[in-house]
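Close look at the chain arrangement
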Amino acid sequence: MEKKTQKTQPVTQEQSKILSKPRIFFGLLFIVFAGILTISFISYLINWKSDQSQAGALLDKTIKSSNIFGKMGQWLGKIFIYESIGVAAFIVAFLFVVFGTMILKKKIFKPWMTFGHSLFFICWLPIFFGAVTKGQSVLCGVYGYQIMDTMVSMIGSVGLWVVLFVSIALYFILEFNLRPSSIKNKLDSLNENTIGRVKAMMPNSDEDFEADQQLAVEEEIQPEQKITVQEVVSTPKKTEIIPEIKIEEPKLDPIVTPNQTSFNEEKEVKIDFSAPVNLPVNAPVSLPKTTPQDAFDVKVNSNNSVDDISFKVEVAPVIDIVDDADRQSQDLVDKHGLYDHRLDLAKFQMPPLDLLKDYGNEEISINKEELEENKNKIVGLLKNFNVGIAEIKATIGPTVTLYEIVPEAGIRVASIKKLQDDIALNLSALGIRIIAPMPGKGTIGIEVPRKNPTMVSMRSVIASQKFQNTDMDLPVVFGKTISNEVFMADLSKMPHLLMAGATGQGKSVGINAILTSLLYKKHPSELKFVMVDPKKVELSLYSKIERHYLAKLPDSDDAIITDTNKVINTLNSLCIEMDQRYDLLKNAFCKNLKEYNKKFSERKLNPENGHRYLPYIVLVVDEFADLIMTAGKEVELPIARLAQLARAVGIHLIVATQRPSVNVITGMIKANFPARAAFRVISSVDSRTILDSTGADQLIGKGDMLYFNGNEILRLQCAFVDTPEVERLAEYIGEQKGYASAFMLPEFVSEDGASSVGAFDPNEKDVLFEEAARIIVSTQQGSTSMLQRQLKLGYNRAGRIMDQLEASGLVGGFNGAKAREVLISDLHSLEQFLEDLRN
């Protein structure tokens, strides 16, 4: 079968010469520069003491240098040897030689192996000479002296030599394969060869040495066996250039004894296309038995003559497993591109950093006197209680300083932990917290508040590279850790956050920091907020972004929910939204929201079947305790259901409360909120309620917080964002083009909604209906909260009675924050009205 090959125009000799000239020039340039470096280094090592004071005066003509290459050579020696890596600078010159040979395409060195060995010696050779000369010689350089001095101060001279010996030993073991198993195999092989040679020299030996047997086999093979074979062509007298077949004898195993007259063996056939020769057609040839290798079959005639050589190239067929739906979606992508969910608000601009206030320099200032004073007090106090300390170090954070101590052997951790109050008394500080032991470390931590704490602004953490370059789905930046690092978490991985803290300790600022970080990172088409604010003042600033980021019920006027009855309906509506999303994920065969949106963007889901792009929904509840007090189980159950199931469909909860008591944060809620943020609380009981551990009661307030992610507790300084900054951010977003309305949640109809208004049934009225009517008429105030107080009812029952009073015509409709209008003016008229209802 003929194969059509595409002919390319060959590169001429003149073109190849033109292309090779720059390569030769730069290759030789690197090699010459390596020689200059080497000679300069040698000359510098000989005369460095006399020229050391003159190394910096390059332009001063009155100063002469004894270096072979003058002041430039002296300068190169000082830079590479004295101020850097010492005698290891010669390896740098060697690397230039390697680069030159690579450019010249001379395969003298193996590049990656050479670079690896060079890097090892550049790192360890200065340290080795520093240890040998104790830093008193130029051979180690500044790098070798500094590393040697640091290691000696940490692990001592003996430890330094142990590290050097282990490093060098590991290098030779890995490089020369000096493992015990390989050494044993080499010794065994050497012993077998020696014994075989001795036995072969003995008379009447039944074994032939393997090398002799191999030599005998090679002598039996005639020179004619190493020949060439060509394809059979149509013209008998025509000669062609054909590939050469070389026969190589394999290693004989086992060795044949002299008593055997013949043996069967398989010879390896290798086809070499590099040395073609001419051979007449039908030349006789003697070939051993071969086996097919790879994709080539060599056919040999039984009478030791070649009839034909055929080459079979087998190519596995490409199996098309793309179904019609995938092919159709790919066609749509090729035609229209991926679905862009930002297209409706394509001109939306993300908020700039200028909206946040710049508080100036926020670098941490180190007060050595304060550190030394606290260290001496801690060491002295522990010594008074017979607690010895082997080592102590300090880590300075924005708000607190962490002192890590290593107790002496035999000291119990509990004996240090119980001294928390004594240490606080001795340091005259508030908020001493002892971490015994620190997770992942063999130390005990003592957190001491700083006298002059540093504020962490929201602008500094938003502008950090860690936040700007993050690939988290819902990045939430809290602030900075004790080590002054920006701390971030992914809300989609939490997947819900429970916040608690006393009044004025930074809880509302923490909520604003979370919302600000999400607004700076997510487009309005990717994120929606459901905000519940019973206090009516904390989250009202975000009402300006209603058409961009907020979600609400269809019949709701305000997106910021303040009415408890509407909160219940909203939570149940979110449960309906969750169930609908799970149905969409089930039909799309997806496990989470990210996979679903990816499929939808790739146009693999048909919008005519109800599929749509699903944004993340974040429910923010500012005061959860008030909801529990007024609604109880009607709020707790949907909250628990959302916390259990909603994470996979992109619905996440942020619940905050001022009173973290057990009747507010119940076990069902805590079990589904693994991520918790605790600001300062009053008692250790509240700290255990929120964190299952003490420590929140030892915080100092003003944004000082503990974050628990299910594994360990981290102390953070929450970023500060002021109210004017939030207003500027909301105004900037609100002034841009938004959607026609807020994101509409599914409509929820309560169980008593169908018969509450306009369809009053006297047989289904509450037993306290008449008593409630008398209270309403006597006070002329149609208030549900008054019915709660007077009749000692829960909000739900009082609300149902008020709906029945409205349906019967006693009171008017809902009038916002004002009380309902009472339609009957006196008790006498009321009695007649009630009598008519009874009949």
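Predicted model only: the values in this text are computed from it and were never measured.

1. Focus: the overall build of the protein chain
When you go through the protein chain residue by residue, the secondary structure sums to 26 helices and 18 strands. Counting the 839 residues in the protein chain, one finds 41% classified as buried. Taken as a whole, the protein chain presents about 47800 Å² of accessible surface, with 55% of it coming from carbon and sulfur.

2. Observations regarding the sheet that holds strand β15 (residues 675-678)
With mixed pairing, the 10 strands of this open sheet are ordered in space as β8-β7-β17-β16-β15-β9-β14-β13-β10-β12. The strands lining the two open edges of the sheet, one partner per strand, are β8 (486-490) and β12 (560-561). Where strand β7 (residues 475-481) lies against strand β17 (residues 713-718), three bridges are found, and the strand directions are antiparallel. If you follow K480 over to β17, its bridge partner there is Q717. Sheet strands touched by helix α14 (residues 507-519): β7, β9 (497-500), β10 (527-532), β13 (616-621), β14 (651-657) and β17. Its angle to β7, the strand with the most contacts, is close to 130°. Contacting β9, β15 and β16 (704-708), helix α21 (residues 684-691) runs over the sheet at an angle of about 155° to β15.

3. As for the packing of aromatic side chains
Applying the stated criterion to the full structure yields 17 aromatic pairs. A centroid spacing of 5.2 Å and a plane angle of 75° characterise the contact between F25 and F26, whose relative ring orientation is edge-to-face. Since its relative accessible area comes to 42%, F26 is described here as partly exposed. Relative to Y549, the ring of F529 has its centre 6.4 Å away and its plane inclined at 45°; by these criteria the two rings are tilted.

4. Re the packing of helix α9 (residues 368-384) against helix α11 (residues 420-427)
Running from N to C, α9 and α11 cross one another at 140°; their axes reach a closest spacing of 10 Å. Regarding the angle of α9 to α11, the classification is oblique. The two elements α9 and α11 meet at a crossing, and its hand is right-handed. Contacts between α9 and α11 involve N374, K377, I378 and L381 from the former and D422, I423, N426 and L427 from the latter. Of the residues assigned to the contact of α9 with α11, the class counts are four nonpolar, two polar and two charged.

5. Description of α21
If you check which residues of α21 are buried, you get D686, S687, T689, I690 and L691. Burial along α21 is one-sided: seen end-on, the buried residues are contained in an arc of 165°. The inward-facing, buried residues of α21 abut β9, α20 (667-671), β15 and β16. D692 lies just past α21 and shows a positive phi near 60°.

6. Quick word on the pairing of β10
Most of β10 is tucked away, with six of its six residues classed as buried. Examined bridge by bridge, β10 and β12 share two bridges and lie parallel to one another. Opposite V532, over in β12, you have I561 as the bridge partner.

7. Examining helix α19 (residues 633-645)
Given 3.6 residues to a turn, an α-helix orients residues that are three or four positions apart in the same direction. The terminal C-alpha atoms of α19, which comprises 13 residues, lie 18 Å apart, in line with the 18 Å expected from a rise of 1.5 Å per residue. Every buried residue of α19 is accounted for by V635, E636, P638, I639, A640, L642 and A643. Of the surrounding secondary structure, the elements contacted by the buried residues of α19 are α16 (564-588), β13, α18 (624-631), β14 and α20.

8. Describing the side chain of T114
Within the element layout of this structure, T114 appears in helix α4 (residues 111-133). For T114, a relative accessible area of 11% corresponds to the buried category. Leave out the neighbours within four places in its chain, and T114 touches F94, V98 and F109.

9. Some thoughts on empty space enclosed by the protein
Applying the stated rule across the entire model yields seven cavities of 30 Å³ or more. One number sums up the size of the largest cavity: a volume of about 60 Å³. Lining of the largest cavity is provided by S365, I366, N367, E370, L371, N374, I396, T401, Y403 and R450. Broken down by secondary-structure element, the contributors of at least two residues to the lining of the largest cavity are α9 and β4 (400-407). Considering each element in turn, the lining of the largest cavity owes the most residues, three residues, to α9. Considering only residue class, the lining of the largest cavity consists of four nonpolar, four polar and two charged. Computed from the structure, the second largest cavity encloses a volume of approximately 50 Å³.

10. Side note on the sheet that holds β4
Taken in spatial order, the four strands make up an open sheet running β3-β4-β6-β5, and their pairing is antiparallel. Bordering the open sheet on either side are β3 (389-396) and β5 (433-435), each of which pairs with just one other strand. Averaged over neighbouring strand pairs, the angle between their axes works out to 20° when direction is ignored. Across six bridges, β4 lies against strand β6 (residues 444-449) in antiparallel orientation. Bridging across to β6, T401 finds its partner in V448. Where α9 meets the sheet, its contacts fall on β3, β4 and β6, and the angle it forms with β4 comes to roughly 40°.

11. Quick word on unusual backbone geometry
Note the cis peptide between A436 and P437, where omega equals -10°. Inspection of the secondary structure puts P437 in the loop between β5 and β6. The amide bond that connects M494 to the next residue, P495, takes the cis arrangement and shows omega of 0°. Position of P495 among the secondary structure elements: in the loop between β8 and β9. For K536, which is not glycine, the phi torsion reads 70° and is therefore positive. When you line up the elements, K536 lands in the loop between β10 and α15 (546-549). Positive phi is not limited to glycine here, since Q780 has a value of about 55°. Locating Q780 in the fold gives a position in the loop between α23 (769-779) and α24 (784-791).

12. Quick look at the confidence of the model for the protein chain
In the predicted model, the protein chain carries a mean pLDDT of 77, and 75% of its residues have values of at least 70. The secondary-structure element of the protein chain with the lowest mean pLDDT is strand β1 (residues 240-248), recorded at 40, while β13 shows the highest, at 95. The model gives residues 1-9 a pLDDT under 50, and that stretch makes zero contacts with residues more than four places away or in other chains. A low-confidence stretch, residues 752-758 (pLDDT under 50), is modelled with seven contacts involving residues beyond four sequence positions or located in other chains.

13. Some details on a nonpolar patch on the surface
Taken together, the side chains of V158, V162, F165, V166, L170 and L174 make up a nonpolar region of the molecular surface, amounting to roughly 640 Å² of accessible area. Among the structural elements, L174 can be located in helix α5 (residues 141-176). L174 gets classed as exposed once you look at its relative accessible area, which sits at 67%.

Here is what the cut-offs are and how they apply
- Residues numbered from 1 in each chain as written.
- Predicted model: local features only at pLDDT ≥ 70, side-chain atom pairs only at ≥ 80, totals over all residues.
- Heavy atoms only, no water.
- Helix = DSSP H or I, 4+ residues; strand = E, 2+ residues; numbered from the N terminus.
- Buried < 20%, exposed > 50% of the residue type's maximum accessible area, 1.4 Å probe, protein only.
- Areas by Shrake-Rupley, 256 points an atom, 1.4 Å probe, with all protein chains shown as cover.
- Pairing = 2+ DSSP bridges.
- Contact = heavy atoms within 4.5 Å.
- Axes fitted to C-alpha atoms, helices over the stretch in contact; angles between N-to-C directions.
- Phe/Tyr/Trp six-rings, centres within 6.5 Å; stacked < 30°, edge-to-face > 60°.
- Parallel < 35°, antiparallel > 145°, perpendicular 65-115°, else oblique.
- Left-handed = near helix turned anticlockwise from the far one by under 90°.
- Nonpolar A, V, L, I, M, F, W, Y, C, P; charged D, E, K, R; others polar.
- Arc of directions from axis to C-beta.
- Expected span 1.5 Å × (residues − 1).
- 1 Å grid on protein atoms, 1.4 Å probe; cavity = no way out; pocket = protein on both sides within 12 Å on 5 of 7 lines; lining within 4 Å.
- Points joined across faces, edges and corners; volume = space filled by probe spheres on them.
- pLDDT = per-residue confidence, 0-100.
- Patch = residues over 30% accessible without salt bridge, like charges linked within 9 Å, V, L, I, M, F, W, Y side chains within 5 Å.
- Salt bridge = Lys/Arg side-chain N within 4 Å of Asp/Glu carboxyl O.

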